[in-house]
Amino acid sequence: MTKKVERVKEGLHGTIQIPADKSISHRAVMFSSIAKGKSIIKNFSKGQDPNSTLNIFKNLGVDIEYKGDSIIEVRSDGNLIEPSQDLDCGNSGTTMRLMCGILAGQKFNTTMIGDESLSKRPMKRVIEPLTRMGVEIISKDNHAPLIINGSKLNGIDYESPIASAQVKSCILLAGLNADGITRVKEPYLSRNHTELMLKYMGADITSDGLTVTIKKSTLTGKPIEICGDISSAAYFITAALIIPNSDIVLKNVGLNPTRTGILEVCKKMGADIEILDEKTVSGEVSGDLRIRSSKLHACEISGELIPKLIDELPIIAVLATQAEGTTTIRNAGDLRNKESDRITATVTELKKLGADIEELEDGFTINGKKELSGGCEVKTYHDHRLAMSLFVAGLICKKEIAIDGFEWVNISFPEFEALFSKIIK
Ligand code: S3P
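This section reports on the structure supplied with the text. (Residues numbered from 1 in each chain as written. Predicted model: local features only at pLDDT ≥ 70, side-chain atom pairs only at ≥ 80, totals over all residues. Heavy atoms only, no water.)

1. Here we look at the site of the ligand
No. 1: The local shell around the ligand consists of K22, S23, R27, T94, S164, A165, Q166, R191, I310, D311 and K338.
No. 2: In the model, an oxygen atom of the ligand is placed 2.7 Å from a nitrogen or oxygen of the S23 side chain.
No. 3: A distance of 2.6 Å separates an oxygen atom of the ligand from a polar side-chain atom of D311.
No. 4: Sorting the residues of the shell around the ligand by element identifies α1 (22–33) and α5 (165–175) as the ones contributing at least two each.
No. 5: Top contributing element to the shell around the ligand by residue count: α1, with 3 residues.
No. 6: For the shell around the ligand, a count of residues per class yields 2 nonpolar, 4 polar and 5 charged.
No. 7: Both of domain 1 (2–20 + 227–423) and domain 2 (22–225) provide at least three residues apiece to the shell around the ligand. (Near = heavy atom within 4 Å. Polar contact = N/O pair within 3.5 Å; in protein donor to acceptor, adjacent residues only side chain to side chain. Helix = DSSP H or I, 4+ residues; strand = E, 2+ residues; numbered from the N terminus. Nonpolar A, V, L, I, M, F, W, Y, C, P; charged D, E, K, R; others polar. Domains from an automatic or database assignment.)

Written out as structure tokens, the structure reads:
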């Protein structure tokens, strides 16, 4: 589907509710499916990725039922049953990598498949530690489809070479079912939703700096209320900052400090953002954000900041086109292993729109402030974050743009365009 986007004339105004966090939605349905008892999950994401996870647990015999628009009830005795078909992870890396950890310790074998993009993404990062824990995983040269021959697991001490919440979570989930102690250390802190939710549901888990330790535990079903996704909010934050005469409020945005790198960058750039009402729900911090158009300056983004904003880097590139000076993003090489090669994709498409952006091996540099000319067609590389970033860029282009493959937004954020039309004046 091709989407035409034209320049906003009068700024963005109004208040909107940001939909459910994708990462937390995956974990809510996964952990309540392997917990004993009933869990009510409120504000479950409507994105295709979390729904791939939900369907997998239905195939694994868990009783999951919608009780309202985005309320689901999960009933389980803590056990999964052998599925009668391959488990389809769709486009979702989080589903495939975290499921590896859950399926490794089962008494049956499973096969996981994914779409074209997911089948190209590296799985060695989870196959290697899980093999050390005692499971056999058969892959196509470390790519999906993955055949997991479930077995008894032993705990390991694992030093991860990359700061990845997917890798960390996979090992912790295997550790939940393994004999002995499982420890994971990462080079920088990645998102800790797994640690928070496992603890909330009764796991024997502790975090100490960059190391998380887990022992075999039984989880108990709990009520879980999911906050809004800061990665979805990032498109609205950026748009309000760079479109003149904007003033918006985003309600219920997740503010877990392992995810707020985008806010740290905005602050460094001189953005006018206020946090209005902070609260903690189901162990996660959230709040409302007020964002006004701002005069921005460039900054450097690297090191421990990267895992805190990894999914926001394409939209941060759009933001940086409107900041005075040179913004440099480094140490983000893993961006090449996402739903698309997000370094090449972001640089190629923003260049077409008139941005002064150059590719680095592990990031990019952007020279601003530069007016984007637009007036052309861009493509999304079947990547939801590219689709949404290009849409926001289109809102400031001089001439209308056309985005080919815009339907990929549905992977994480089907409400995206409807919410924008509420605040575009
Ligand atoms: C996610 C972790 C991140 C992120 C992905 C969701 C998660 O991946 O890019 O969209 O829910 O754990 P990595 O941890 O592999 O960087």
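So, next bit.
2. Observations concerning the side chain of S340
No. 1: Relative to the assigned elements, S340 resides in the loop between β23 (323–329) and α10 (342–353).
No. 2: Within the structure, the side chain of S340 is placed 2.8 Å from the side chain of D383, a separation counted as a polar contact.
No. 3: Discounting residues that sit within four places of it in the chain, S340 has contacts with L335, A345, Y381, D383 and L386. (Contact = heavy atoms within 4.5 Å.)

3. Quick look at the environment of H384
No. 1: Along the chain, H384 turns up in helix α11 (residues 384–394).
No. 2: Taking the relative accessible area as the measure of exposure, H384 reaches 0% and is therefore buried.
No. 3: Considering only alpha carbons, one finds H384 and E339, 45 residues apart in sequence, at a separation of 8.1 Å.
No. 4: Ignoring any residue separated from it by four or fewer positions in sequence, one finds H384 in contact with K22, E339, R342, W408, V409, I411 and S412.
No. 5: A polar contact is formed between the side chain of H384 and the side chain of E339, at a distance of 3.0 Å.
No. 6: A distance of 2.8 Å separates polar atoms of two side chains, one belonging to H384 and the other to S412. (Buried < 20%, exposed > 50% of the residue type's maximum accessible area, 1.4 Å probe, protein only.)

4. Some words on the sheet that holds strand β3 (residues 36–42)
No. 1: Taken in spatial order, the 4 strands make up an open sheet running β4-β5-β3-β16, and their pairing is mixed. Of all strands in the sheet, those bounded by a partner on one side alone are β4 (63–68) and β16 (224–225).
No. 2: The pairing of β4 with strand β5 (residues 71–77) spans 5 bridges and is classified as antiparallel. Its bridge partner lying in β5, G68 is registered against I71.
No. 3: Across the face of the sheet, helix α2 (residues 48–59) comes into contact with β4 and β5 while running at roughly 130° to β4. (Pairing = 2+ DSSP bridges. Axes fitted to C-alpha atoms, helices over the stretch in contact; angles between N-to-C directions.)

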